[in-house]
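The residues making up each chain are set out below.
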Amino acid sequence: MKIATQVILGLNFSLVAFLGLHERANAANYDIPALASASLDDRTHAQIMSDGITATLKVTPSRQCGARMVWQNVDPQAPASCQVAYLIIKDLAHPSSPDVSFALSPYGSYGPVNHLTMSMYHLDTSSSAPQIMVSAYTGGAHCCEITSIFGLAADGTWKETLVGSYDGGSPPEVIDAAHNGSAEIVTFDQSFLYTFSSHAGSYPPVILEKYQGGILKNVTKDSVYKSYLQQQLEESQNNWIQYGKSEPNGFLAYYVATKANLGQFSEAWNYMLANMDLQKDSMFGVSFCDFKPGNHKECTRDEQSPLPFPMGLALFLEKNGYITDDQAKSVPLVPSIQSVSGNTAGHYNPDFSCTPPPEHNGVAVMLCENSLAAKHELEFDQVYYALRQVVGKDGWKLLKQEVILDENAANESCGLPIPGATDQSIPSNGAACYISAMDSLAEKYRRRLSGAALEEASRPIDTHIALQKKLIDLGYLPAGSTADGVYGESTRIAVGTWQRVAGRPEVNSFISNADADALLPATSAAPTSTPSVPAPNAAPSISTIPTPSPAPSVQNHAKPSQLFGLAIWIVVLVIIFGFTLYFLPFAIACIRDTTKKGAVFAVNFFFGWTLIGWVAALVMAISFETQSDYELKQKALSKIVNG
């Protein structure tokens, strides 16, 4: 409802105020007036002239409506005839040279663009001729003004450079942001709109561009523009404070981005932490999925959930070039973008959530920040969960107590902090010592395994993750499951179910080397070497493994709970609703018991798929007389006749 209201209102108040402050500042200190300007409005012709160049906007009928134009790609669905807007440029200094004409776009009230404007500026100091900036409005509640610059190139030809399409209803401003006689074009980074707050609460950072030789260059971070950016920032901050600091995360994203452009990232980050909204909003924010390459439909539910604002902001700013990877890493508990590309990119996450990690636990923080340490923890987990399956539920408690004692002893030997202690700092060699300790523990517990359990516990972690992903793809694990290489109860049940359905020789819920090859036939899942470790006499036999809980049978690896990516009950409800709506006129005719229900049904059935046919059937259902009215009329006529 909130977004719908904003769409109806058009440009939001905060953005209007933001742009208004920006315009007032420019008008007072920075604005460069155009050499000449004109608007086409409802006319078919407008012309401006300066420095020996004449520019004309002209709208003429055309039968080439689908042709490629400056603001239109080839459109095979275009109408046969239309009005097309042209820009015609004439060099008065060379009267013998032909006019240069650019077809801009189909134009008019029903066309893709309208409200054409043009202005002349000296944007390029290396060119003797002025440049022509042409803009048009594309329509929409929040959109858009599309703009191109037409300039005379060094080879004597006129070329078009697209500035872009931006929110608002006016062309980009041309200013002298450094007060040095040079012209800059002002636009805004629209990727911030709707990202961390509603459109009404979003503040898009300023972008300054210079035009030279037909190329636009982003110069926002140049030191000569610091004073201008600082003034814009202060005015926007005062505006945000004046209106009650509403939707703080929308403003703070802009604040940190602009401060980063000014070289003041650390200072801005502390200000953000002190003023941010801690509440997660499912409508806004970013997730790990936003930074992963490939098809986002493959993201798990956890990857799609909104990140805490500071973490999401750091990743977003890095992705969009406001901060470096090192700056992102300098923020506590915020991984680099490379780290969220998934384990296949060489990054490993521990067996607990890092968003955020457990509090007052320096070892947990280390595992979230150190991929290699997390990998060795996962490798120990493989051995632990294999042994856990061997001992069965009756032995889980004793096994867990034994592992906790061993891990605590290992951490203490490495000088790692005890969770909850005041000092949670990690010694300089803490990560390396932890890795060595985990490897020793993994080897110790691996000696208690044999057969398929030993084969599974000796397999590379990347292969374990690939096997879990395969079980997810086949439908043995839910689509939202996380493939982390840890084989808990759900994975054990999935493995056992697959073994039964696939007719494997042994159903024991362990993935042997042969099972791994069967699941991933294209890649050998067997380790390079399997440690030959004799199993102690006390170790339970495979026969003690509990039988997995029954799981739904899998037919052709289909996912019965989904259809076309939607829950079946949603699809069924949509079908029922559509069917009911389609035959609503006939239903009304039946309820009213009209005398011509057959006629209503015929119109409804054969023509109801069109709006006119459906409305006609509805009118018939409402207007036809009812059976009771008909019978009353018949009785009245009978009395008159017999009267």
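Whatever comes next refers back to the structure up there.
Residues numbered from 1 in each chain as written. Predicted model: local features only at pLDDT ≥ 70, side-chain atom pairs only at ≥ 80, totals over all residues. Heavy atoms only, no water.

To continue, consider the overall build of the protein chain. Helix and strand counts for the protein chain come out as 21 helices and 15 strands. Considering only intrachain contacts with a sequence separation of at least 6, the fraction spanning at least 24 residues in the protein chain is 57%. Within the structure as shown, the protein chain displays about 33100 Å² of accessible surface, and the carbon and sulfur contribution to it stands at 57%. (Helix = DSSP H or I, 4+ residues; strand = E, 2+ residues; numbered from the N terminus. Contact = heavy atoms within 4.5 Å. Areas by Shrake-Rupley, 256 points an atom, 1.4 Å probe, with all protein chains shown as cover.)

On to the sheet that holds strand 10 (residues 173–175). With respect to topology, 4 strands assemble into an open sheet ordered 10-11-12-13, the strand pairing being antiparallel. Because the sheet does not close on itself, it has two edges, and the strands there are strand 10 and strand 13 (215–218). For this sheet, the mean inter-axis angle between neighbouring strands, taken without regard to orientation, is 40°. The sheet contact formed by strand 10 and strand 11 (residues 184–188) spans 3 bridges and is antiparallel. Paired with Ile175 across the strands is Glu184, a residue of strand 11. (Pairing = 2+ DSSP bridges. Axes fitted to C-alpha atoms, helices over the stretch in contact; angles between N-to-C directions.)

Taken as a whole, the second largest pocket holds about 560 Å³ of empty space. At the level of elements, helix 9 (362–369), helix 10 (371–391), helix 11 (396–413) and helix 12 (430–446) are the ones that each hand at least two residues to the lining of the second largest pocket. Along the lines of polarity and charge, the residues of the lining of the second largest pocket split into 14 nonpolar, 3 polar and 6 charged. (1 Å grid on protein atoms, 1.4 Å probe; cavity = no way out; pocket = protein on both sides within 12 Å on 5 of 7 lines; lining within 4 Å. Points joined across faces, edges and corners; volume = space filled by probe spheres on them. Nonpolar A, V, L, I, M, F, W, Y, C, P; charged D, E, K, R; others polar.)

What follows deals with unusual backbone geometry. Phi is positive for Lys245, close to 55°, though the residue is something other than glycine. Along the chain, Lys245 falls in the loop between helix 3 (226–242) and helix 4 (248–261). Positive phi values are uncommon outside glycine, yet Ser509 reaches one of about 70°. You can see Ser509 is positioned in the loop between helix 15 (489–501) and helix 16 (513–519). Classification of Ser509 as buried rests on a relative accessible area of 1%. (Buried < 20%, exposed > 50% of the residue type's maximum accessible area, 1.4 Å probe, protein only.)

On to helix 15. With 13 residues, helix 15 extends 18 Å between its outermost C-alpha atoms, agreeing within 8% with the 18 Å of an ideal straight helix rising 1.5 Å per residue. All of the buried residues along helix 15 are Thr491, Arg492, Ala494, Val495, Gly496, Thr497, Trp498 and Gln499. Tucked into the core, helix 15 has its buried residues touching helix 10, helix 13 (451–457), helix 14 (461–473) and helix 16. Within two residues after helix 15, Gly503 carries a phi angle of roughly 70°, on the positive side. (Expected span 1.5 Å × (residues − 1).)

Attention now moves to the packing of helix 18 (residues 584–592) against helix 20 (residues 611–623). Two measures define how a pair of helices packs: the angle their axes make with one another and the distance between the axes. The geometry of helix 18 relative to helix 20 is characterised by a closest axis approach of 8 Å and an angle of 5° between their N-to-C directions. Looking at the two axes, helix 18 sits roughly parallel to helix 20. The residues of helix 20 that touch helix 18, namely those facing Leu584, Pro585, Ile588, Ala589 and Arg592, are Trp614, Ala617, Leu618, Ala621, Ile622 and Ser623. Tallied by class, residues from the contact of helix 18 with helix 20 come to 9 nonpolar, 1 polar and 1 charged. (Parallel < 35°, antiparallel > 145°, perpendicular 65-115°, else oblique.)

Along the chain, the position of Ala602 falls in helix 19 (residues 597–607). For the pair Ala602 and Phe586, spaced 16 residues apart in sequence, the C-alpha to C-alpha distance is 9.0 Å.

Moving on, we come to the packing of aromatic side chains. Evaluated as defined, the whole model comprises 22 aromatic pairs. Arranged with centres 5.0 Å apart and planes meeting at 75°, the rings of Tyr582 and Phe583 form a pair that is edge-to-face. Put simply, the rings of Phe579, Tyr582, Phe583, Phe586, Phe601, Phe605 and Phe606 pair up and form one aromatic cluster. In this arrangement the basic side chain of Arg388 is found over the ring face of Trp396, its NZ or CZ atom lying 3.7 Å from the centre. The positively charged end of Lys596 is found above the aromatic ring belonging to Phe624, 5.1 Å away from the centroid. (Phe/Tyr/Trp six-rings, centres within 6.5 Å; stacked < 30°, edge-to-face > 60°. Lys NZ or Arg CZ within 6 Å of the ring centre and 35° of its normal.)

As a further point, take the sheet that holds strand 1 (residues 36–39). Read across the open sheet, the 5 strands follow the order 1-6-7-8-9; overall the sheet is antiparallel. The open sheet terminates on both sides in strands that have one partner only, identified here as strand 1 and strand 9 (158–166). Averaged over all adjacent pairs, the angle separating strand axes in this sheet is 15°, with direction ignored. Note that strand 1 and strand 6 (residues 114–121) share 4 bridges and pair antiparallel. Bridging from a neighbouring strand, Ser39 pairs with Thr117 of strand 6.

Inspection of the secondary structure puts Asn261 in helix 4. Look at Asn261 and you get buried, because its relative accessible area is 9%.

With that out of the way, let us pick up the pattern of salt bridges. Tallied over the full model, the rule gives 11 salt bridges. The salt bridge partner of Glu443 is Arg447, with a shortest N-O separation of 3.8 Å. Given a relative accessible area of 28%, Glu443 falls into the partly exposed group. Overall, Arg447 belongs to the partly exposed group, its relative accessible area being 44%. Taken together, the shared-partner salt bridges in this structure form one network comprising Glu443, Arg446 and Arg447. (Salt bridge = Lys/Arg side-chain N within 4 Å of Asp/Glu carboxyl O.)

A cluster of nonpolar side chains, Phe601, Phe605, Phe606 and Phe607, forms an exposed patch at the surface whose accessible area comes to about 420 Å². In this fold, Phe605 is placed in helix 19. (Patch = residues over 30% accessible without salt bridge, like charges linked within 9 Å, V, L, I, M, F, W, Y side chains within 5 Å.)

Inspection of every chain in the model, using the stated rule, returns 3 disulfides. Linked covalently through their sulfurs, Cys65 and Cys82 form a disulfide whose S-S length is 2.2 Å. As the torsion about the S-S bond is roughly -115°, the Cys65-Cys82 disulfide counts as left-handed. Of the two residues, Cys65 is situated in the loop between strand 3 (53–62) and strand 4 (82–91) and Cys82 in strand 4; the sequence distance between them amounts to 17 residues. (Disulfide = S-S within 2.5 Å.)

This part is about the pairing of strand 8 (residues 145–152). Among the 8 residues that make up strand 8, 7 are buried, leaving the element largely enclosed by the rest of the structure. Of the pairings in the sheet, the one linking strand 7 (residues 131–137) to strand 8 comprises 6 bridges and is antiparallel in character. From the neighbouring strand, Ser135 faces strand 8, where its bridge partner is Thr147. In textbook terms, the turn of a hairpin is the stretch between consecutive antiparallel strands, and for strand 8 and strand 9 this stretch comprises 5 residues, one of which, Gly156, has a positive phi near 90°.

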